[in-house]
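Single-letter residue listing:
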Amino acid sequence: MEKGRLAKADLQVAIEQKEIYEKKLVKYQLKLLWMQHLLMENKLGVIFVFEGWDAAGKGGAIKRAVGNLDPRNVRVWPIAAPAPHEKRFNYMQRFWRKIPQYGQISIFDRSWYGRVLVERVEKLAETEEWQRAYKEINNFEKLLTSDRYIIEKFWLHISKEEQYERFKKREGDPLKKWKITDEDWRNRQKWEEYVTAAEEMFDKTDKPNARWHIIPANSKWYARIAVLKQMTKSIEAHLKINGVDVTAIPVSSGDGMLHK
C-alpha cells in the first residue's frame, strides 16, 4: 500500500469536458510563451524535471508545454540509461552538459534522480552510491538555483490499476505498441519498492529552492493543465525575484486572444 505523499494525492481529480481542457490549455500555453520571451530578454534559466510512473503521461505533458514555445530557446532531454562512454565519468557529468544557457528552458524527461530511483531499486548502483547521491543532488541543484536558474520537479502519479489499463491499451495500438516493453511489465512487480524509493527521494530532496510537485495523473487532461499552471506560476515568481516587471504579462480568455 502506498504511504506518504503519494498516498495523499487525489487521483480522482479530473477535467471531464474537452472544451474546458482546451480553453485552459490555450490560456497557459500563451502565458508560457510570453514568459519565455521575458526569460530570454533577462537571461534567466529554467529547468523542469519530470519523473513518475511508466505510462503516467510525462511525454504528453511535456509535448503540450513546449508545443507553442520558440524552439530556439527550449530543449527537451529524454534521459535513458547511460551510454558506455558516459560510464567513464561521474554520473552527473552527462547532466551538466545539458544545463541550459541563460535565457533558455530545459526539460528533463527522467533525470539525475535515476540514481536514487531505478539504479537503487534495480541495484545498478551500490548502496553507498545512491545514499550519497541525495547530498550530491541537493548541492548540484543549490549551485544552479543560487545562480540565475530555477528548478521545478514534477512527479506524475497514477494508480497501479490505471497503469495496467494504459499498458494494455498500448499493446493493442499499432501506433503506440513501441512504447511498451518487457521491462515495463517487470518494473510493475517492484511497485512497492519504487514507492519506498520515491518517498525517500521526496523527503531528502524537496527543498525550498527546488520543490517537488506531485501531479495526480489518472486524468491526462487534468495532469497537463496542472503542470502548465505550475510552470507559469514558478516562472512568474522567478521573474519577480529578479526584478522583472510582470504586470505587462497578458492573460488569455481561453479563446486564443491575449488581453492585458
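These numbers come from a predicted model, not from an experiment. (Residues numbered from 1 in each chain as written. Predicted model: local features only at pLDDT ≥ 70, side-chain atom pairs only at ≥ 80, totals over all residues. Heavy atoms only, no water.)

**A look at the confidence of the model for the chain**
Here comes step 1: Put simply, the chain has an average pLDDT of 94, and 95% of its residues get 70 or more.
Here comes step 2: Throughout residues 254-260 the model reports pLDDT below 50, and contacts reaching past four residues in sequence, or to other chains, amount to 16 contacts. (pLDDT = per-residue confidence, 0-100. Contact = heavy atoms within 4.5 Å.)

**What about the environment of Asp 109?**
Here comes step 1: Here Asp 109 is to be found in strand β3 (residues 105-109).
Here comes step 2: With 11 residues separating them along the chain, Asp 109 and Arg 120 place their C-alpha atoms 18 Å apart.
Here comes step 3: Non-local contacts of Asp 109, meaning those with residues more than four positions away in its chain, are made with Phe 50, Lys 58, Ile 62, Trp 77, Pro 78 and Ile 79. (Helix = DSSP H or I, 4+ residues; strand = E, 2+ residues; numbered from the N terminus.)

**Regarding the sheet that holds strand β4 (residues 149-157)**
Here comes step 1: Taking strand neighbours across the sheet as the criterion, the five strands line up as β2-β3-β1-β4-β5 in an open arrangement whose pairing is parallel. Each having just a single partner strand, β2 (74-78) and β5 (212-216) make up the two edges of the open sheet. Looking at each pair of strands side by side, their axes are set apart by 20° on average, direction ignored.
Here comes step 2: Bridge count between β4 and β5: five bridges; the pairing is parallel. The residue of β5 that forms the bridge with Lys 153 is Trp 212.
Here comes step 3: The strands touched by helix α10 (residues 220-241) are β1 (45-52), β3, β4 and β5; relative to β4, the strand with the most contacts, the crossing angle is about 165°. (Pairing = 2+ DSSP bridges. Axes fitted to C-alpha atoms, helices over the stretch in contact; angles between N-to-C directions.)

**Here's the deal with the packing of aromatic side chains**
Here comes step 1: For the structure shown, the criterion picks out 17 aromatic pairs.
Here comes step 2: Both rings, one in Phe 108 and one in Trp 112, keep their centres 5.0 Å apart while their planes meet at 65°; by these two values the pair is edge-to-face. Each of the two residues, Phe 108 as well as Trp 112, counts as buried.
Here comes step 3: For the ring pair Trp 112 and Phe 140, a centre distance of 5.0 Å and an interplane angle of 80° mean the geometry is edge-to-face. Taken together, the positions of Trp 112 in the loop between β3 and α5 (118-121) and Phe 140 in helix α6 (residues 127-145) put the pair 28 residues apart, joining distant regions of the chain.
Here comes step 4: Look at Phe 140 and you get buried, because its relative accessible area is 5%. (Phe/Tyr/Trp six-rings, centres within 6.5 Å; stacked < 30°, edge-to-face > 60°. Buried < 20%, exposed > 50% of the residue type's maximum accessible area, 1.4 Å probe, protein only.)

**So, the nonpolar core**
Here comes step 1: In this structure, Phe 50, Trp 112 and Leu 239 are the most contacted members of the largest nonpolar core, which totals 71 residues.
Here comes step 2: Tallying contributions element by element places α10 first for this core, with eight residues.
Here comes step 3: Setting aside residues no more than four positions away along its own chain, Phe 50 makes contact with Lys 58, Ala 61, Ile 62, Ile 107, Phe 108, Asp 109, Arg 110, Phe 154, Leu 156, Val 227 and Met 231. (Core = buried A, V, L, I, M, F, W, Y, C linked by side-chain atoms within 4.5 Å.)

**So, the environment of Thr 232**
Here comes step 1: Position of Thr 232 among the secondary structure elements: in helix α10.
Here comes step 2: Separated by 14 residues in the primary sequence, Thr 232 and Asn 218 have C-alpha atoms spaced 22 Å apart.

**Looking at the side chain of Ser 159**
Here comes step 1: As for its position among the elements, Ser 159 is in the loop between β4 and α7 (160-171).
Here comes step 2: Residue classification places Ser 159 among the buried positions, given a relative accessible area of 13%.
Here comes step 3: If we skip the residues at most four places from it in the chain, Ser 159 touches Leu 11, Trp 191 and Asn 218.

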